[in-house]
Amino acid sequence: MEQVRAKKFLGQHFLTDESIAERIARSLTGRTECLLEIGPGMGVLTKYLVDDTRYHFKAIELDTESVDYLHRHYPTLDVIEGDFLRLDLNGIFGSAPFSIIGNFPYNISSQILFRVFEQRNNVPEVVGMFQKEVAERVAAGPGSKTYGILSVLLSAFYDIEYLFTVHENVFNPPPKVKSAVIRLKRNEVQQLDCDEKRFVQVVKTGFNQRRKTLRNALKPLNLSLDAIPDDLLAKRAEQLTVADFELITNKLQPSVAADLQSDAN
Ligand code: SAH
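Residues numbered from 1 in each chain as written. Predicted model: local features only at pLDDT ≥ 70, side-chain atom pairs only at ≥ 80, totals over all residues. Heavy atoms only, no water.

Draft legend 1. Representation of the overall build of the protein in the model. The secondary structure content of the protein amounts to 10 helices and 12 strands. Each of the three principal axes of the protein carries a C-alpha extent, and together these read 65 × 40 × 35 Å. In the protein, which comprises 265 residues, the share counted as buried stands at 51%. In the protein, the share of contacts with a sequence separation of at least 24, taken over all contacts with a separation of at least 6, comes to 67%. Charged side chains of the protein number 32 positive and 35 negative; the gap between the two group centres comes to 6 Å. (Helix = DSSP H or I, 4+ residues; strand = E, 2+ residues; numbered from the N terminus. Buried < 20%, exposed > 50% of the residue type's maximum accessible area, 1.4 Å probe, protein only. Contact = heavy atoms within 4.5 Å. Lys, Arg positive; Asp, Glu negative; His and termini not counted. Charge placed at Lys NZ, Arg CZ, Asp CG, Glu CD.)

Right, here's the structure in full:
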(Lines give C-alpha, C1' and ligand atoms only; values in the text may rest on other atoms or scores of the structure.)
Protein backbone atom coordinates (compact mmCIF):
# COMPACT_ATOMS: atom_id res chain seq x y z
CA MET A 1 0.00 0.00 0.00
CA GLU A 2 1.35 3.38 -1.02
CA GLN A 3 1.99 5.58 2.00
CA VAL A 4 -0.41 8.48 2.48
CA ARG A 5 0.05 10.57 5.59
CA ALA A 6 -3.04 10.18 7.78
CA LYS A 7 -4.79 13.41 8.64
CA LYS A 8 -6.00 13.37 12.18
CA PHE A 9 -8.74 15.97 11.80
CA LEU A 10 -10.35 13.73 9.17
CA GLY A 11 -10.46 10.80 11.57
CA GLN A 12 -8.11 8.87 9.31
CA HIS A 13 -7.17 5.46 10.68
CA PHE A 14 -6.49 3.22 7.72
CA LEU A 15 -7.28 -0.43 8.15
CA THR A 16 -4.25 -2.59 7.36
CA ASP A 17 -5.73 -6.07 7.79
CA GLU A 18 -7.40 -7.11 4.57
CA SER A 19 -9.13 -10.09 6.12
CA ILE A 20 -11.08 -7.69 8.33
CA ALA A 21 -11.97 -5.52 5.34
CA GLU A 22 -13.26 -8.60 3.57
CA ARG A 23 -15.24 -9.63 6.63
CA ILE A 24 -16.91 -6.20 6.79
CA ALA A 25 -17.83 -6.40 3.10
CA ARG A 26 -19.24 -9.92 3.61
CA SER A 27 -21.40 -8.71 6.48
CA LEU A 28 -23.77 -6.97 4.07
CA THR A 29 -26.86 -9.07 3.50
CA GLY A 30 -27.53 -7.48 0.12
CA ARG A 31 -30.84 -5.82 0.88
CA THR A 32 -30.38 -3.23 -1.88
CA GLU A 33 -28.76 -2.92 -5.27
CA CYS A 34 -27.28 0.45 -4.40
CA LEU A 35 -24.43 0.82 -1.98
CA LEU A 36 -22.61 3.87 -0.66
CA GLU A 37 -19.26 3.70 1.10
CA ILE A 38 -18.41 6.58 3.44
CA GLY A 39 -14.72 7.47 3.74
CA PRO A 40 -12.99 4.87 1.55
CA GLY A 41 -9.56 6.38 2.25
CA MET A 42 -7.08 4.23 0.38
CA GLY A 43 -9.68 1.71 -0.59
CA VAL A 44 -8.93 -1.27 1.62
CA LEU A 45 -12.64 -2.03 1.93
CA THR A 46 -13.56 -0.58 -1.47
CA LYS A 47 -11.46 -3.30 -3.07
CA TYR A 48 -14.02 -5.91 -1.95
CA LEU A 49 -17.00 -3.90 -3.17
CA VAL A 50 -16.10 -2.11 -6.37
CA ASP A 51 -16.15 -5.18 -8.59
CA ASP A 52 -19.11 -6.86 -6.91
CA THR A 53 -21.64 -6.99 -9.71
CA ARG A 54 -24.55 -7.22 -7.27
CA TYR A 55 -24.07 -3.58 -6.40
CA HIS A 56 -24.40 -0.22 -8.02
CA PHE A 57 -21.58 1.21 -5.96
CA LYS A 58 -20.48 4.74 -5.09
CA ALA A 59 -18.16 6.17 -2.48
CA ILE A 60 -17.84 9.57 -0.84
CA GLU A 61 -14.50 10.80 0.43
CA LEU A 62 -13.61 14.22 1.81
CA ASP A 63 -9.84 14.05 1.50
CA THR A 64 -8.49 15.16 -1.90
CA GLU A 65 -5.33 13.08 -1.59
CA SER A 66 -7.36 9.94 -0.93
CA VAL A 67 -9.66 10.76 -3.86
CA ASP A 68 -6.63 11.07 -6.17
CA TYR A 69 -5.31 7.78 -4.86
CA LEU A 70 -8.66 6.08 -5.46
CA HIS A 71 -8.90 7.44 -9.02
CA ARG A 72 -5.47 6.02 -9.79
CA HIS A 73 -6.03 2.60 -8.23
CA TYR A 74 -9.72 2.04 -8.97
CA PRO A 75 -10.36 3.75 -12.31
CA THR A 76 -13.91 2.38 -12.56
CA LEU A 77 -14.91 3.60 -9.09
CA ASP A 78 -17.56 6.32 -8.90
CA VAL A 79 -16.13 8.45 -6.10
CA ILE A 80 -17.72 11.69 -5.01
CA GLU A 81 -15.31 14.18 -3.49
CA GLY A 82 -17.10 15.80 -0.57
CA ASP A 83 -18.50 15.68 2.92
CA PHE A 84 -21.01 12.91 3.66
CA LEU A 85 -22.75 15.17 6.17
CA ARG A 86 -23.54 17.66 3.40
CA LEU A 87 -24.29 15.18 0.67
CA ASP A 88 -27.80 15.41 -0.77
CA LEU A 89 -28.86 11.84 -0.15
CA ASN A 90 -32.16 12.08 -1.96
CA GLY A 91 -30.71 12.26 -5.42
CA ILE A 92 -27.69 10.08 -5.00
CA PHE A 93 -29.01 6.88 -6.59
CA GLY A 94 -32.03 8.48 -8.20
CA SER A 95 -34.95 7.51 -6.01
CA ALA A 96 -33.60 4.02 -5.24
CA PRO A 97 -32.89 3.01 -1.65
CA PHE A 98 -29.26 2.38 -0.79
CA SER A 99 -27.24 0.68 1.91
CA ILE A 100 -24.30 2.32 3.65
CA ILE A 101 -20.96 0.73 4.48
CA GLY A 102 -17.68 1.96 5.83
CA ASN A 103 -14.89 2.05 8.28
CA PHE A 104 -16.24 5.40 9.28
CA PRO A 105 -14.43 8.58 10.31
CA TYR A 106 -14.86 8.29 14.08
CA ASN A 107 -14.98 12.03 14.67
CA ILE A 108 -18.40 12.18 12.99
CA SER A 109 -19.83 8.80 14.10
CA SER A 110 -22.87 10.22 15.89
CA GLN A 111 -23.65 12.61 13.06
CA ILE A 112 -23.54 9.75 10.57
CA LEU A 113 -25.93 7.77 12.75
CA PHE A 114 -28.34 10.68 13.18
CA ARG A 115 -28.38 11.02 9.39
CA VAL A 116 -29.21 7.34 9.08
CA PHE A 117 -32.10 7.87 11.50
CA GLU A 118 -33.41 10.76 9.39
CA GLN A 119 -32.93 8.84 6.16
CA ARG A 120 -34.22 5.51 7.44
CA ASN A 121 -36.78 5.15 4.67
CA ASN A 122 -34.01 5.38 2.08
CA VAL A 123 -31.49 3.22 3.94
CA PRO A 124 -32.43 -0.45 4.49
CA GLU A 125 -29.02 -1.56 5.80
CA VAL A 126 -25.87 -0.16 7.37
CA VAL A 127 -22.69 -2.14 8.02
CA GLY A 128 -19.91 -0.21 9.59
CA MET A 129 -17.01 0.13 11.91
CA PHE A 130 -17.14 2.61 14.77
CA GLN A 131 -15.26 3.15 18.01
CA LYS A 132 -16.16 0.13 20.14
CA GLU A 133 -17.86 2.37 22.67
CA VAL A 134 -20.16 3.88 20.03
CA ALA A 135 -20.88 0.46 18.54
CA GLU A 136 -21.80 -0.86 21.99
CA ARG A 137 -23.95 2.15 22.68
CA VAL A 138 -25.90 1.75 19.46
CA ALA A 139 -26.37 -1.97 19.93
CA ALA A 140 -27.27 -1.74 23.63
CA GLY A 141 -30.73 -2.57 24.93
CA PRO A 142 -32.61 -1.08 27.87
CA GLY A 143 -31.08 -1.69 31.27
CA SER A 144 -27.53 -1.36 30.03
CA LYS A 145 -25.32 1.54 31.15
CA THR A 146 -24.38 2.31 27.57
CA TYR A 147 -27.98 2.50 26.32
CA GLY A 148 -28.54 6.06 25.12
CA ILE A 149 -30.29 8.42 22.70
CA LEU A 150 -29.00 6.77 19.54
CA SER A 151 -29.81 3.28 20.85
CA VAL A 152 -33.45 4.26 21.31
CA LEU A 153 -33.88 6.27 18.11
CA LEU A 154 -32.17 3.71 15.90
CA SER A 155 -33.67 0.62 17.49
CA ALA A 156 -37.12 2.08 16.88
CA PHE A 157 -36.50 1.53 13.16
CA TYR A 158 -33.61 -0.93 12.89
CA ASP A 159 -32.64 -4.36 14.16
CA ILE A 160 -29.11 -3.82 15.40
CA GLU A 161 -26.39 -6.44 15.76
CA TYR A 162 -22.93 -6.13 17.26
CA LEU A 163 -20.86 -8.25 14.88
CA PHE A 164 -17.24 -8.24 16.05
CA THR A 165 -14.52 -6.29 17.85
CA VAL A 166 -11.39 -5.04 16.08
CA HIS A 167 -8.06 -4.45 17.80
CA GLU A 168 -6.37 -1.04 17.45
CA ASN A 169 -3.15 -2.62 16.09
CA VAL A 170 -4.69 -3.31 12.69
CA PHE A 171 -4.91 0.39 11.84
CA ASN A 172 -2.38 2.89 10.61
CA PRO A 173 -2.06 5.01 12.68
CA PRO A 174 -3.62 2.98 15.50
CA PRO A 175 -6.52 4.75 17.20
CA LYS A 176 -6.49 5.08 20.99
CA VAL A 177 -9.53 2.86 21.37
CA LYS A 178 -10.78 -0.47 20.11
CA SER A 179 -13.24 -0.60 17.24
CA ALA A 180 -16.22 -2.73 16.42
CA VAL A 181 -18.41 -3.57 13.47
CA ILE A 182 -22.18 -3.39 13.72
CA ARG A 183 -25.05 -4.06 11.34
CA LEU A 184 -28.37 -2.21 11.23
CA LYS A 185 -31.25 -3.73 9.31
CA ARG A 186 -34.41 -1.73 8.77
CA ASN A 187 -37.36 -3.31 10.60
CA GLU A 188 -41.05 -3.26 9.63
CA VAL A 189 -42.01 -0.16 11.58
CA GLN A 190 -43.26 2.55 9.24
CA GLN A 191 -44.30 5.06 11.85
CA LEU A 192 -44.02 5.41 15.57
CA ASP A 193 -47.14 5.11 17.70
CA CYS A 194 -46.79 8.75 18.69
CA ASP A 195 -45.71 12.13 17.40
CA GLU A 196 -42.14 11.63 16.21
CA LYS A 197 -40.77 15.11 16.92
CA ARG A 198 -42.07 14.97 20.46
CA PHE A 199 -40.69 11.42 20.86
CA VAL A 200 -37.19 12.58 19.89
CA GLN A 201 -37.51 15.48 22.31
CA VAL A 202 -38.61 13.15 25.13
CA VAL A 203 -35.76 10.71 24.49
CA LYS A 204 -33.16 13.48 24.35
CA THR A 205 -34.50 15.21 27.46
CA GLY A 206 -34.76 11.94 29.37
CA PHE A 207 -31.13 11.03 28.70
CA ASN A 208 -29.85 14.54 29.22
CA GLN A 209 -29.90 13.88 32.95
CA ARG A 210 -29.68 10.13 32.76
CA ARG A 211 -29.07 9.55 36.45
CA LYS A 212 -32.36 11.19 37.41
CA THR A 213 -35.74 9.52 37.40
CA LEU A 214 -37.94 10.56 34.51
CA ARG A 215 -40.17 12.50 36.86
CA ASN A 216 -37.24 14.87 37.35
CA ALA A 217 -35.42 14.48 34.07
CA LEU A 218 -38.50 15.45 32.03
CA LYS A 219 -39.20 18.65 33.96
CA PRO A 220 -37.47 20.86 31.38
CA LEU A 221 -40.20 19.90 28.88
CA ASN A 222 -42.59 22.01 30.89
CA LEU A 223 -45.45 19.60 30.24
CA SER A 224 -47.75 17.81 32.63
CA LEU A 225 -46.67 14.28 33.54
CA ASP A 226 -49.89 13.54 35.44
CA ALA A 227 -51.23 11.00 32.94
CA ILE A 228 -48.03 8.94 32.89
CA PRO A 229 -48.00 5.80 35.09
CA ASP A 230 -45.98 6.28 38.27
CA ASP A 231 -43.89 3.17 37.73
CA LEU A 232 -42.52 4.65 34.49
CA LEU A 233 -41.80 8.02 36.06
CA ALA A 234 -39.84 6.30 38.81
CA LYS A 235 -37.47 4.78 36.26
CA ARG A 236 -34.47 6.31 34.55
CA ALA A 237 -34.32 6.80 30.77
CA GLU A 238 -31.79 3.99 30.42
CA GLN A 239 -34.38 1.50 31.72
CA LEU A 240 -37.07 2.29 29.13
CA THR A 241 -37.94 0.49 25.92
CA VAL A 242 -38.98 2.23 22.70
CA ALA A 243 -42.60 1.35 23.56
CA ASP A 244 -42.24 2.98 26.99
CA PHE A 245 -40.99 6.18 25.38
CA GLU A 246 -43.89 6.09 22.92
CA LEU A 247 -46.37 5.73 25.77
CA ILE A 248 -44.82 8.62 27.66
CA THR A 249 -44.87 10.79 24.55
CA ASN A 250 -48.58 10.12 24.08
CA LYS A 251 -49.44 10.82 27.69
CA LEU A 252 -47.66 14.13 27.98
CA GLN A 253 -50.15 16.95 28.29
CA PRO A 254 -49.93 20.70 28.16
CA SER A 255 -49.04 21.84 31.62
CA VAL A 256 -51.34 24.21 33.47
CA ALA A 257 -48.34 26.12 34.73
CA ALA A 258 -47.08 26.62 31.17
CA ASP A 259 -50.55 27.80 30.06
CA LEU A 260 -50.73 30.28 32.88
CA GLN A 261 -47.31 31.54 31.98
CA SER A 262 -48.17 31.99 28.29
CA ASP A 263 -51.41 33.76 29.30
CA ALA A 264 -49.40 36.15 31.40
CA ASN A 265 -47.07 36.98 28.50
N1 SAH B 1 -12.15 3.17 4.97
C2 SAH B 1 -10.73 3.46 5.05
C3 SAH B 1 -10.45 4.79 5.75
C4 SAH B 1 -11.00 4.91 7.13
S5 SAH B 1 -10.53 6.41 7.91
C6 SAH B 1 -10.01 2.32 5.76
O7 SAH B 1 -10.66 1.49 6.36
O8 SAH B 1 -8.79 2.28 5.72
C9 SAH B 1 -11.95 7.44 7.61
C10 SAH B 1 -12.01 8.05 6.21
O11 SAH B 1 -13.12 8.94 6.15
C12 SAH B 1 -10.79 8.87 5.82
O13 SAH B 1 -10.37 8.49 4.54
C14 SAH B 1 -11.29 10.31 5.83
O15 SAH B 1 -10.62 11.15 4.89
C16 SAH B 1 -12.74 10.14 5.45
N17 SAH B 1 -13.63 11.21 5.90
C18 SAH B 1 -13.52 11.97 7.02
N19 SAH B 1 -14.56 12.80 7.15
C20 SAH B 1 -15.38 12.56 6.08
C21 SAH B 1 -16.62 13.12 5.65
N22 SAH B 1 -17.22 14.07 6.36
N23 SAH B 1 -17.19 12.65 4.51
C24 SAH B 1 -16.56 11.67 3.79
N25 SAH B 1 -15.39 11.11 4.16
C26 SAH B 1 -14.80 11.55 5.28
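There is more to say, and it comes next.
Draft legend 2. Structural detail: the sheet that holds strand E7 (residues 125-131). Read from one edge of the open sheet, 7 strands run E4-E3-E2-E6-E7-E10-E8, paired in mixed fashion. Looking at strand neighbours, the two that pair on one side only are strand E4 (78-81) and strand E8 (158-166), the edges of this open sheet. Between one strand and the next, the sheet's axes are offset by a mean angle of 20°, whatever the strand orientation. As paired strands, E8 and strand E10 (residues 179-186) are joined by 8 bridges and run antiparallel to one another. The partner of glutamate 161 across the bridge, within E10, is arginine 183. Of the strands in this sheet, E8 and E10 touch helix H5 (residues 149-157), which is tilted by about 120° from E8. (Pairing = 2+ DSSP bridges. Axes fitted to C-alpha atoms, helices over the stretch in contact; angles between N-to-C directions.)

Draft legend 3. Quick peek at the environment of lysine 178. With respect to the helices, strands and loops of the structure, lysine 178 is situated in the loop between strand E9 (171-172) and E10. Its relative accessible area of 31% is what places lysine 178 among the partly exposed residues. Sequence spacing of lysine 178 and valine 123 is 55 residues, and the spatial spacing of their C-alpha atoms is 27 Å. Other than its neighbours up to four places away in sequence, lysine 178 contacts Gln131, Lys132, Thr165, Val166, His167 and Glu168.

Draft legend 4. Seen up close, the domain arrangement of the protein. One can read the domain layout of the protein as domain 1 (2-186) and domain 2 (196-264). Between domain 1 and domain 2, the C-alpha centre-to-centre distance is 34 Å. Of the residues lining the interface, 17 residues belong to domain 1; the matching set on domain 2 comes to 14 residues. Counting the surface lost from both domain 1 and domain 2, the interface buries some 1,100 Å², and carbon and sulfur atoms represent 69% of this. Per-residue buried area on domain 1 facing domain 2 is highest for Tyr147, Ile149 and Val152; these three make up 41% of the total on that side. On the surface where domain 1 and domain 2 come into contact, there are 1 salt bridge. For arginine 120, the salt bridge identified is with glutamate 196, shortest N-O distance 2.6 Å. Seen at the junction of domain 1 and domain 2, the total is 5 residue pairs in polar contact (both at pLDDT 80 or more). (Domains from an automatic or database assignment. Buried area = accessible area lost by both parts, 1.4 Å probe. Salt bridge = Lys/Arg side-chain N within 4 Å of Asp/Glu carboxyl O. Polar contact = N/O pair within 3.5 Å; in protein donor to acceptor, adjacent residues only side chain to side chain.)

Draft legend 5. Representation of the pattern of salt bridges. If you walk through the whole model with that rule in mind, you get 12 salt bridges. As a salt-bridge pair, arginine 137 and glutamate 133 come within 3.2 Å of each other at their nearest N and O atoms. Placement of the pair is arginine 137 and glutamate 133 together in helix H4 (residues 132-139), with a separation of 4 residues, close to one helical turn. Overall, glutamate 133 belongs to the partly exposed group, its relative accessible area being 48%. Residues glutamate 238 and arginine 236 are paired through a salt bridge, measuring 3.3 Å at the closest nitrogen-oxygen approach.

Draft legend 6. The arrangement of the site of the ligand in detail. The ligand sits among 21 residues. The nearest are Gln12, Gly39, Glu61, Asp83 and Asn103. Glycine 39 places a polar main-chain atom, nitrogen or oxygen, 2.8 Å from a nitrogen atom of the ligand. Between asparagine 103 and the ligand, the recorded distance is 2.6 Å, taken from a side-chain N or O atom to an oxygen atom. Burial of the ligand by the surrounding chains reaches 98%, relative to a free accessible area of 570 Å². Of all the elements in the fold, those that place two or more residues in the shell around the ligand are strand E1 (14-15) and strand E3 (56-61). (Near = heavy atom within 4 Å. Areas by Shrake-Rupley, 256 points an atom, 1.4 Å probe, with all protein chains shown as cover.)

Draft legend 7. The arrangement of the nonpolar core in detail. Within the largest apolar cluster, 57 residues are counted, with the highest numbers of intra-cluster contacts made by Leu36, Phe84, Phe98, Ile100, Leu154, Phe199 and Phe245. Sorting elements by how many residues they give to this core places H5 first, with 6 residues. Structurally, this core is a two-domain feature, drawing no fewer than three residues from each of domain 1 (2-186) and domain 2 (196-264). Among the nonpolar cores identified, the runner-up in size contains 28 residues, and Ala25, Leu45, Leu70 and Val170 belong to it. (Core = buried A, V, L, I, M, F, W, Y, C linked by side-chain atoms within 4.5 Å.)

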